[in-house]
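Here's the letter readout for the chains.
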Amino acid sequence: MTTADDIFDQSTSNVQGLGLREIPFTESPPDLESETLQYIFTGREDELRRVFNLFQSRERRRVLVYGRIGIGKSAFLREVLSVLRSKRPQILTAYISLPADLDLATTALIAVAREMADDEWAQRQLYQMGIPTAKILKERTSEVSGNLVMGAKMAEKDLPLTKPLYPTVSLDTLLERAQEKYPQGVVIAIDDLDKRNPSAVRQMMHDAQGMLKGRAWFMLTGHPMGITGDLLTSERGLFDLQLKLEELDQPTTYKMLINYLNSARINNRCTDPNDARSVLPFTPEAAKRFCEVSLGKPRLFNRLGNTVLDTAANMQVTLIDSEVLAQGLKAAAPELRERAALSVQEERVRAFLEQRGPISDETITFEDLEQLGFRSFSEILPFLERLEAADLAHQLDQDDTKAFAPIALPPAIEDQSVDL
Amino acid sequence: MPGSPDFIDSQYRLGNALSRRFELNQNASDLQDALKAYKTALDAISPEHYDREKIWQALPTTQSVLGSRLVREGQWQEGLQLLLNSVRLLSEGDDHLAHANALYQTGRAHETLSDWDNARLYYRDALRLYEHLNDQPGIAQSRHGLGSVLASQGYFKKGMAQLQQARDLYQQLDRQNRVREVDTLYQAAQRAEQQLSEVPA
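This one's a predicted model, so the numbers in the text were calculated from it and none came from an experiment.

*Asks:* Got a sec to walk through the overall build of chain B? Specific residues and values, please.
*Replies:* In terms of helices and strands, chain B carries nine helices and zero strands. Its helices and strands in sequence order give chain B the pattern α-α-α-α-α-α-α-α-α, from N to C terminus. Looking at chain B residue by residue over its 201 residues, the buried ones come to 47%. A separation of at least 24 residues holds for 51% of the contacts in chain B among residues at least 6 apart in sequence. As displayed, chain B has an accessible area near 10200 Å², and 49% of this comes from carbon and sulfur atoms.

*Asks:* Residues and numbers for the packing of aromatic side chains, please.
*Replies:* All names here are of chain A. Enumeration according to the criterion identifies nine aromatic pairs over all chains in this entry. Arranged with centres 4.0 Å apart and planes meeting at 10°, the rings of F55 and W217 form a pair that is stacked. Note that F55 is positioned in the loop between helix 3 (45-54) and strand 1 (62-66) and W217 in strand 6 (residues 217-222), a separation of 162 residues in sequence. For W217, a relative accessible area of 5% corresponds to the buried category. With 5.6 Å between their ring centres and 40° between their planes, F374 and F383 make a pair best called tilted. Neither residue differs from the other here; F374 and F383 are each classed as buried. Pairwise contacts between aromatic rings join F25, Y260, F282, F290 and F301 into one cluster.

*Asks:* Mind laying out the sheet that holds strand 7 (residues 241-244) of chain A, listing which residues take part and the relevant values?
*Replies:* All names here are of chain A. Strand order in the open sheet made by the five strands is 2-5-6-1-7, with parallel pairing throughout. Taken across any chain shown, the strands that pair with only one partner, and hence form the sheet edges, are strand 2 (92-97) and strand 7. This sheet shows a mean twist of 15° between the axes of neighbouring strands, independent of strand direction. Both strand 1 and strand 6 contribute to a ladder of five bridges, which runs parallel. Of the residues in strand 6, the one forming a bridge with Y66 is G222. This element, helix 5 (residues 104-114), spans strand 2, strand 5 (186-191) and strand 6 of the sheet and lies at about 125° to strand 2.

*Asks:* Would you mind going over the pattern of salt bridges in detail, with residue names and values included?
*Replies:* The full count for this structure, using the stated rule, is 30 salt bridges over all chains. Here D400 of chain A makes a salt bridge to K158 of chain B, at a shortest N to O gap of 2.5 Å. Remark: K158 of chain B occurs in helix 8 (residues 156-172) and D400 of chain A occurs in the loop between strand 9 (393-395) and strand 10 (403-406); the pair is interchain, linking two chains. Each member of the salt-bridge network shares a partner with another, and the members are D361, E362 and D400 of chain A together with R124 and K158 of chain B.

*Asks:* An account of helix 3 of chain A is requested, with residue identities and associated values reported.
*Replies:* Residues and elements named next belong to chain A. Among the residues of helix 3, those classed as buried are E47, L48, V51, F52 and L54. One side of helix 3 carries all its buried residues, which in axial view fall inside an arc of 150°. Across from the buried face of helix 3, at angles greater than 90 degrees, the exposed residues are D46 and N53. The elements touched by buried residues of helix 3 are strand 1, helix 4 (73-87), strand 6 and strand 7.

*Asks:* Break down the nonpolar core for me, with residues and values.
*Replies:* The nonpolar side chains of a soluble globular protein tend to be buried, and buried together. Ranked by internal contacts, the top residues of the largest apolar core, which has 83 residues, are L257, F282, L304, I320, I380, L384 and L409 of chain A. Among the elements that line this core, the one with the most residues is helix 6 (residues 116-133) of chain B, at eight residues. Excluding residues within four positions of it along the chain, L257 of chain A makes contact with F25, V279, F282, A287, F290, C291 and F301 of chain A. Residues A94, A105, A108 and A113 of chain A belong to the second largest nonpolar core, which totals 40 residues.

*Asks:* Could you give an account of unusual backbone geometry, with specific residues and numbers?
*Replies:* All names here are of chain A. Cis geometry is adopted by the peptide bond preceding P281, which originates at L280 and carries an omega value of 15°. Considering the arrangement of structural elements, one finds P281 in the loop between helix 11 (250-262) and helix 12 (284-293). Within the chain, D192 stands out as a residue other than glycine whose phi angle is a positive 70°. Examined against the element boundaries, D192 turns out to sit in the loop between strand 5 and helix 8 (198-207). We note that Q316 has phi near 55°; this positive angle belongs to a residue other than glycine. Mapped onto the elements of the fold, Q316 is located in the loop between helix 13 (298-314) and helix 14 (322-340). Judged by relative accessible area, which is 52%, Q316 ranks as exposed.

*Asks:* How would you summarise the sheet that holds strand 8 (residues 359-360) of chain A if you had to cite specific residues and measurements?
*Replies:* All names here are of chain A. With respect to topology, three strands assemble into an open sheet ordered 8-10-9, the strand pairing being antiparallel. Looking along the sheet, the strands with just one partner apiece sit at the ends: strand 8 and strand 9. The sheet contact formed by strand 8 and strand 10 spans two bridges and is antiparallel. Pairing of I359 across the sheet is with F404, part of strand 10. Most of the contacts of helix 15 (residues 344-356) go to strand 10, to which it runs at about 85°, and overall it touches strand 8, strand 9 and strand 10.

*Asks:* I'd like a description of empty space enclosed by the protein, backed by residues and values.
*Replies:* All names here are of chain A. Here the structure, examined in full by the defined rule, presents two cavities of 30 Å³ or more. Counted as a void, the largest cavity has a volume near 40 Å³. Residue lining of the largest cavity: R303, L304, T307, A332, E335, L336 and R339, and that is the complete set. Of all the secondary structure elements, the ones that give two or more residues to the lining of the largest cavity are helix 13 and helix 14. By residue number, the principal contributor to the lining of the largest cavity is helix 14, which donates four residues. When its residues are assigned to classes, the lining of the largest cavity shows three nonpolar, one polar and three charged.

*Asks:* Tell me about the state of the cysteines, and please be specific about residues and values.
*Replies:* Residue and element names in this part refer to chain A. Enumeration according to the criterion identifies zero disulfides over all chains in this entry. In this structure C270 is a free cysteine whose sulfur lies 15 Å from that of C291, the closest cysteine sulfur available. The exposure class assigned to C291 is buried, which follows from its relative accessible area of 1%.

*Asks:* Let's hear about the packing of helix 6 (residues 120-128) of chain A against helix 7 (residues 167-181) of chain A: which residues, and what values?
*Replies:* The relative placement of two packed helices comes down to the angle between their axes together with the axis-to-axis distance. Residue and element names in this part refer to chain A. Running from amino to carboxyl end, helix 6 crosses helix 7 at an angle of 150°, the nearest separation of the two axes being 10 Å. Accordingly, the angle class assigned to the pair helix 6 and helix 7 is roughly antiparallel. Like other packed secondary-structure pairs, helix 6 and helix 7 cross with a definite hand, here left-handed. Together, W121, A122 and Q125 of helix 6 and S170, T173, L174 and R177 of helix 7 make up the contact between the two elements. For the contact of helix 6 with helix 7, the residue count by class is three nonpolar, three polar and one charged.

*Asks:* Summarise the side chain of T93 of chain A; cite the residues concerned and give the values.
*Replies:* All names here are of chain A. Inspection of the secondary structure assignment puts T93 in strand 2. Within the local environment of T93, its side chain forms a polar contact with the side chain of R85, the two groups lying 2.6 Å apart. Each residue touching T93, except ones within four places of it in the same chain, is listed here: L81, L84, R85, E115 and V187.

Criteria and thresholds
- Residues numbered from 1 in each chain as written.
- Chains lettered and ligands numbered in written order.
- Predicted model: local features only at pLDDT ≥ 70, side-chain atom pairs only at ≥ 80, totals over all residues.
- Heavy atoms only, no water.
- Helix = DSSP H or I, 4+ residues; strand = E, 2+ residues; numbered from the N terminus.
- Buried < 20%, exposed > 50% of the residue type's maximum accessible area, 1.4 Å probe, protein only.
- Contact = heavy atoms within 4.5 Å.
- Areas by Shrake-Rupley, 256 points an atom, 1.4 Å probe, with all protein chains shown as cover.
- Phe/Tyr/Trp six-rings, centres within 6.5 Å; stacked < 30°, edge-to-face > 60°.
- Pairing = 2+ DSSP bridges.
- Axes fitted to C-alpha atoms, helices over the stretch in contact; angles between N-to-C directions.
- Salt bridge = Lys/Arg side-chain N within 4 Å of Asp/Glu carboxyl O.
- Arc of directions from axis to C-beta.
- Core = buried A, V, L, I, M, F, W, Y, C linked by side-chain atoms within 4.5 Å.
- 1 Å grid on protein atoms, 1.4 Å probe; cavity = no way out; pocket = protein on both sides within 12 Å on 5 of 7 lines; lining within 4 Å.
- Points joined across faces, edges and corners; volume = space filled by probe spheres on them.
- Nonpolar A, V, L, I, M, F, W, Y, C, P; charged D, E, K, R; others polar.
- Disulfide = S-S within 2.5 Å.
- Parallel < 35°, antiparallel > 145°, perpendicular 65-115°, else oblique.
- Left-handed = near helix turned anticlockwise from the far one by under 90°.
- Polar contact = N/O pair within 3.5 Å; in protein donor to acceptor, adjacent residues only side chain to side chain.

Take a look at the structure:
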């Protein structure tokens, strides 16, 4: 065996030493087809109930799911679709992350066409946009010759790549075809609208009003506050349900940790929060502390979880107690910074935030801004939002101000003096 | 001749003349033409020329005035875009008062668009800069705008506190029309707060 083989085996053995088949934490939610989603999706009962209540009606609805970055909007969408797929197979469900520079109608068209592999017209739409299809489509031409001997010649060539000229009309046609096979309707979930420029999203929504009120159900994810508030005001009546996803509370986060660990644990399937085995390889104290530091934000929970388990595996321990957790959290801070690849200006804002503690557009002074090389809070806001996206800052729940605080990754219990 | 010192100077002067004519007749097309003239002058002048700074400063200031005008006339997106552009350009220059004015106008544009969060953000930015410059009319109008937005969002106490300070300043500046406007807003906020407190929990 080569050295690389040895290292691989050692790495596997280290994770198994923690009683796990694999590290279960992932930054993006699992695929719709994956069984893992059902294991790990936790909480949001009220929100699920409100969405599923809508599905008891024949009326097509539009649902906007909004909340801060990393709060679990994508996982929520996928969980809803996953349940619909198992409970209502006569509904066609389609999920897509909004591609750059595409309008909503073309995006929806792609999402639905991808789910209709047997429909040649749908596949042709995809193929013409340069999107791979299950089978290669060729343009057929036929030529009949009438000489002494009757002859026929068929030729094939690649179809030209073109964007649909009238995507709304094409989508409508596709939905009509889909409804023949899926009489209970079509649900289109378009994710990641919040990753686009708010003013572009506002315009897209405005342009797509007719489509959104058309033949299909729509579920969209939206921006945390400004844009969503604006959308709800300016496009009044566009959404039947606006769901705000908030941070998970501590007991739910603890339950989520149990579910994640349970999905990868080798020996026991204990899920009782009162039983210490449910959070193995964490000790209950370390598990509680880990949940506190994760702030009820699923993506931060996953990022930190990944680093903590990775650190524990490298230390070749079998149990994650407070001391091991502290080591993991210590490793997480520089890792998050490294992954974020901050610009000089973003790093300045981060350092300022870490040194100063919470700042807001109401409390920041002109001198503070000058220290950062700016004269207005609106100029540093994009940097703060970037830090939030990188889990290096989080927005505080204050409705009348924009307030941000650093994400504190302190040592778990001991070694309080260590500067993170 | 395009590119010559005379051409650049005449474009700059044309921009100034059109801006002044706008102040008299309030015709937005004069501002649009002024912008064009400033842009032409800027395109033609060399980056090192000592007059460039003067023209460069006239451009975002005109953008800011035209932007707020367009928003008022219903051309919201175009107006807002101009305002945001002027804020960006002025944040890099030395004319702090023009920057504060552009921030204030951007706050107003967002308020017109019912985008309360952004309106609040820009009013607070304008207020901070006006306070730094000790510009009393600017402070008064920013507090007026901020109070109005906070009250619209249902933060009546905070909103009324801002309106009260705006009123005191307008009084000192002897702007009676503004005092009356603030009074009307303050009373509406007070009534709304009372009605809300009477609703059983």
